[in-house]
Amino acid sequence: MVIRVSHLHKSFRVHRREAGWLEAARSLWRRDYRVIEAVKDVSFTIEKGEIVGFLGPNGAGKTTTMKMLAGLLHPTSGEITVGGFVPFEQKPEFKKMMSLVMGQKSQLIWDIPPMETFLVNKAIYDIDDRAFRQTLEELTELLDLAPLLDKPTRSLSLGQRMRCELAAALLHRPQVLFLDEPTIGLDVHTQENVRRFIVDYNREHETTILLTSHYMGDVAALCDRVMIINYGRLIYDGELSVLTEKLAPYKRLEVRFSRVPDMDWGEYGEVAEIEEGTVVLRVAREKAAGTAARLLERFDVRDINIEDPPLEEVITRAFQEERV
Amino acid sequence: MNMRRYGRVFREFFRACLVEEMEYRSEFFGNFIASFFGVGIALLTVHIFFYQTDRLGGWTYGEVLVLLGVFNTLRGFIDFALRPNMPRLLEHVRRGTLDYILTKPVDSMFYVSFRHLVFWRLIDVALGLGVIGYGLYVERYVPSAADVLMFFVVMTASLLLIYSLWMMLMTTSFWVVRIDDLSFIFDSFFDTARFPGSMYRGAVRFVITYVLPAVLITNTPALALLGKWSMAAVLAALAVAMLFLWASRRFWRFALRFYTGAGG
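About the cut-offs
Residues numbered from 1 in each chain as written. Chains lettered and ligands numbered in written order. Predicted model: local features only at pLDDT ≥ 70, side-chain atom pairs only at ≥ 80, totals over all residues. Helix = DSSP H or I, 4+ residues; strand = E, 2+ residues; numbered from the N terminus. Rg over C-alpha atoms; globule rule 2.2 N^0.38 Å. Buried ≥ 20, exposed ≤ 12 C-beta atoms within 10 Å, placed from the backbone. Contact = placed C-beta atoms within 7 Å. Nonpolar A, V, L, I, M, F, W, Y, C, P; charged D, E, K, R; others polar. Pairing = 2+ DSSP bridges. Axes fitted to C-alpha atoms, helices over the stretch in contact; angles between N-to-C directions. Core = buried A, V, L, I, M, F, W, Y, C linked by C-beta atoms within 7 Å. Domains from an automatic or database assignment. Parallel < 35°, antiparallel > 145°, perpendicular 65-115°, else oblique. Left-handed = near helix turned anticlockwise from the far one by under 90°. Expected span 1.5 Å × (residues − 1). Arc of directions from axis to C-beta.

Where an unreviewed UniProt entry is consulted, chain A appears under the name ABC transporter, with the organism given as Geobacillus thermopakistaniensis.

This is the structure:
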């Protein structure tokens with residue numbers, strides 16, 4: 001396995017201060033501290049080539065955990081190995097086998113074209129000319145970078161810049177990739193492109209990828225396996241489909257009529273939405289097909305759709321549970 | 001640390017900065033003139049001093065010129081490699097992009113101190129060397145091979161000392177993230193190094209000689225080139241430089257441990 005985490009804890013001491021200038025002045029000489037436990041007893045393993053989605057509300061401990069995996073934060077207790085290395089020892093060999101992309105922070109040099117950052121990284125990672133040319137060619141093709149390479153970074157759009165960020169992070173061919181909100185702020189089309197790239201790249205190179213995201217679309221498209229963290233605790237680790245079945249043991253039946261019959265739907269399922277011409281019902285999984293058939297038989301149905309509940313709904317439920 | 005690899009990385013930093021400067025077509029010419037004027041004014045000041053006297057703290061006119069040349073050269077190096085990096089480190093800490101630097105397989109202290117270079121500041125280095133030559137000419141002194149060798153040794157020690165002091169100041173940005181430019185602290189004490197240390201008296205002299213050895217930094221190389229070196233002084237300069245370098249390295253590591261929450 002590539003990543004092994006056992007009984008990981010991280011607590012921060014934060015300075016607490018009441019509002020108001022008197023309090024501000026007081027805090028100059030007397031500070032109150034409070035200990036915040038950001039990560040509590042988290043354990044998991046990730047195998048080579050897996051893409052794992054790391055989910056949780058803001059402040060749940062996702063980024064803190066990821067930073068510990070990347071060697072940027074020292075765990076309060078517990079053990080981590082990534083590719084056989086202890087991240088916090090920050091050995092150059094470790095740094096060469098991993099990479100970190102943070103959606104909200106850029107590593108590209110702002111005023112000059114991305115190609116210059118790539119060249120700086122080439123020197124830093126000690127990549128030889130041939131390997132560099134090959135990798136760059138491949139990434140240019142996959143991410144469609146050709147028209148961007150010689151434009152100053154500051155003139156690129158957010159989406160174009162994110163593509164370049166990914167390239168900059170992958171030039172040294174890391175075996176482990178940490179992506180922290182890689183699609184944040186991107187438009188739907190670009191999100192899709194970035195996702196497709198991640199899937200293709202993972203398949204091609206068997207890169208192990210751990211990704212945090214707010215967008216369920218990212219997770220649904222990329223990850224078979226998800227880990228959900230809430231209040232610093234890992235509350236679910238497993239297949240996405242299992243999670244859906246467990247937390248949302250129903251399907252959504254979207255039924256469209258020429259005219260919605262005015263009646264009580266209780267006999268068929270729970271009404272989730274009712275709109276002009278459309279009724280959405282929640283129906284127990286095993287009854288979904290039968291219910292659909294009965295509806296088709298008894299009413300003038302124009303169209304009917306059976307689908308899984310949206311992931312947002314599932315995840316929101318997961319956050320409400322103590323342990324899944 | 002693999003020196004050749006770090007040489008390559010440094011060259012790459014230099015190249016990227018060159019491209020960055022070109023992007024704005026920085027006024028190379030304007031800067032050139034400004035540097036020239038700066039040196040001209042400094043020369044004039046020294047000249048005016050010597051209307052009144054023929055010694056300054058025991059140094060002759062030519063000797064003070066050599067000192068001024070050393071000062072200018074060292075300041076050129078500061079402005080070339082150190083000064084541009086100070087505000088960047090503050091920004092990295094404030095915005096969290098320091099994380100990227102810490103994931104790179106190069107020494108982080110090396111990276112934060114040399115990533116940004118303002119190459120046209122090397123003009124000041126060249127002008128400084130010119131003033132040194134002029135001072136020697138005025139003094140009618142031809143340094144021996146040993147003088148020159150010692151000059152280079154103590155000059156290296158001075159550069160290391162400056163680097164260490166600067167680095168320690170820069171490192172405080174982990175805690176003092178709200179002051180945009182801490183370099184004025186450095187400037188105010190380094191400006192004292194323009195003149196012979198023997199000019200100062202009492203507590204001031206003690207502080208700038210031993211505590212923040214600004215005076216040592218410029219005086220020792222100037223004296224070496226003028227043939228007034230002693231092996232003891234040269235070794236002392238090297239030892240002090242090593243000590244400060246070690247201290248600045250320790251301080252940087254301490255700051256990183258603080259940043260990454262590794263206790264301390």
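Next, the rest of the story.
A. Structural context of the overall build of chain B. Along chain B, the regular secondary structure elements total 12 helices and 0 strands. In sequence order, the secondary structure elements of chain B are arranged as α-α-α-α-α-α-α-α-α-α-α-α. Radius of gyration (C-alpha) of chain B: 19 Å, near the 18 Å computed for a compact globule of 264 residues. With respect to the principal axes defined by its C-alpha atoms, chain B has extents near 55 × 40 × 35 Å. The buried share of chain B, taken over its 264 residues, is 38%. Sequence-distant contacts, at least 24 apart, represent 80% of the contacts inside chain B between residues at least 6 apart.

B. Up close: the overall build of chain A. Counting its regular elements, chain A contains 11 helices and 13 strands. Judged by the C-alpha coordinates and their principal axes, chain A covers about 70 × 55 × 45 Å. Counting all 324 residues of chain A, 38% fall into the buried class.

C. Focus on the interface of chain A and chain B. Listed as interface residues are 23 residues of chain A and, on the opposing side, 22 residues of chain B. Put simply, the parts of the chain that give the side of chain A that touches chain B at least two residues each are α3 (92–97), β5 (98–102) and α4 (114–124) of chain A. In terms of residue count, α4(A) provides more of the side of chain A that touches chain B than any other element does, 5 residues in total. In the side of chain A that touches chain B, the residues fall into 15 nonpolar, 2 polar and 6 charged.

D. Up close: the environment of Leu22(A). Residue and element names in this part refer to chain A. The residue Leu22 is located in helix α1 (residues 21–29) in this model. Assessed through the 9 C-beta atoms surrounding it within 10 Å, Leu22 is described here as exposed. Along the primary structure Leu22 and Val86 are separated by 64 residues, whereas in three dimensions their C-alpha atoms are 45 Å apart.

E. Here's a closer look at the environment of Val35(A). Residue and element names in this part refer to chain A. Relative to the helices and strands, Val35 resides in strand β2 (residues 32–46). Spatially, the C-alpha atoms of Val35 and Phe12 are 5.6 Å apart, while their sequence positions differ by 23 residues. Apart from residues lying up to four places away in sequence, Val35 is in contact with Ser11 and Arg13.

F. Highlighting the sheet that holds β2(A). Residue and element names in this part refer to chain A. The antiparallel open sheet is built from 3 strands, whose spatial order is β2-β1-β4. In the strand order of this sheet, the two ends are held by β2 and β4 (77–82), each with one partner. Ignoring strand direction, the axes of neighbouring strands in this sheet form an average angle of 30°. The pairing of strand β1 (residues 3–16) with β2 spans 11 bridges and is classified as antiparallel. The partner of Phe12 across the bridge, within β2, is Ile36. Sitting on the sheet, helix α2 (residues 62–69) is in contact with β1, β2 and β4, with an inclination near 120° to β1.

G. Summary view of the pairing of β1(A). With 5 bridges connecting them, β1(A) and β4(A) associate as antiparallel partners. Paired with Arg4(A) across the bridge in β4(A) is Thr81(A).

H. A look at the nonpolar core. In terms of nonpolar packing, the biggest core is built from 134 residues, with Leu69(A), Ala167(A), Phe178(A), Leu210(A) and Trp166(B) touching the most fellow members. In this structure Phe178(A) touches Met66(A), Leu69(A), Ala70(A), Met98(A), Leu100(A) and Leu210(A), once residues within four positions along its chain are discounted. With 7 residues, the next largest nonpolar core counts Leu253(A), Val283(A), Ala292(A) and Leu295(A) among its residues.

I. Here's a closer look at the domain arrangement of chain A. Looking at the assigned domains, one finds that chain A contains domain 1 (3–244) and domain 2 (249–307). The gap between the C-alpha centroids of domain 1 of chain A and domain 2 of chain A is 42 Å.

J. Representation of the sheet that holds strand β7 (residues 208–212) of chain A within the structure. Residues and elements named next belong to chain A. Read across the open sheet, the 6 strands follow the order β5-β6-β7-β3-β8-β9; overall the sheet is mixed. This sheet does not close on itself; its edge strands, each paired only once, are β5 and β9 (233–239). Along the sheet, successive strands turn relative to each other by an average axial angle of 15°, direction set aside. In terms of strand pairing, strand β8 (residues 225–230) meets β9 through 6 bridges, oriented antiparallel. Within β9, the position partnered with Val226 by the bridge is Gly238.

K. Layout of the environment of Ile36(A). Residues and elements named next belong to chain A. Within the secondary structure, Ile36 is located in strand β2. Residue classification places Ile36 among the partly exposed positions, given that 13 C-beta atoms sit within 10 Å. For the pair formed by Ile36 and Ser11, sequence separation is 25 residues and the distance between their alpha carbons is 5.4 Å. Once residues lying within four places of it in the same chain are set aside, the contact partners of Ile36 are Ser11, Phe12 and Val14.

L. Quick peek at the pairing of β8(A). Residues and elements named next belong to chain A. Taking burial as the measure, the 6 residues of β8 include 5 buried ones, the bulk of the element. Sheet topology note: the strand β3 (residues 51–55)/β8 ladder contains 4 bridges and is parallel. Considered in β8, the bridge of Val52 is made with Arg225. Two successive antiparallel strands, β8 and β9, enclose a turn made up of 2 residues, where Tyr231 displays a positive phi of approximately 50°.

M. Representation of unusual backbone geometry within the structure. All names here are of chain A. The phi dihedral of Asp144 is positive, around 55°, even though this residue is not glycine. Counting through the fold element by element, Asp144 comes out in the loop between α5 (129–143) and α6 (158–170). The class of Asp144 is partly exposed, set by 13 C-beta atoms lying within 10 Å. Non-glycine residue Glu206 carries a positive phi angle of around 55°. Tracing the chain through its elements places Glu206 in the loop between α7 (188–205) and β7.

N. The arrangement of the packing of helix α3 (residues 61–82) of chain B against helix α8 (residues 145–171) of chain B in detail. Residue and element names in this part refer to chain B. Contact geometry for α3 and α8: axes closest at 11 Å, N-to-C directions at 45°. One way to sum up the angle between α3 and α8 is to call them oblique. Crossing handedness for the pair α3 and α8: right-handed. When α3 is examined against α8, the residues Leu74, Phe77, Ile78 and Leu82 are found in contact with a partner set consisting of Ser158, Leu159, Ile162, Tyr163 and Trp166.

O. The arrangement of helix α1 (residues 3–23) of chain B in detail. Here α1(B) contains 21 residues, and its C-alpha end-to-end distance of 30 Å stays within 8% of the 30 Å for a straight helix at 1.5 Å per residue. For α1(B), the complete set of buried residues consists of Val9(B), Phe13(B), Ala16(B), Cys17(B) and Glu20(B). Viewed along the axis of α1(B), the buried residues span an arc of 100°, placing them on a single side of the element. Exposed side of α1(B), more than 90 degrees from the buried face: Met3(B), Arg4(B), Gly7(B), Arg11(B) and Met22(B) are the residues found there. Check the buried side of α1(B) and you find it contacts α4 of chain A together with α6 (108–114) of chain B.

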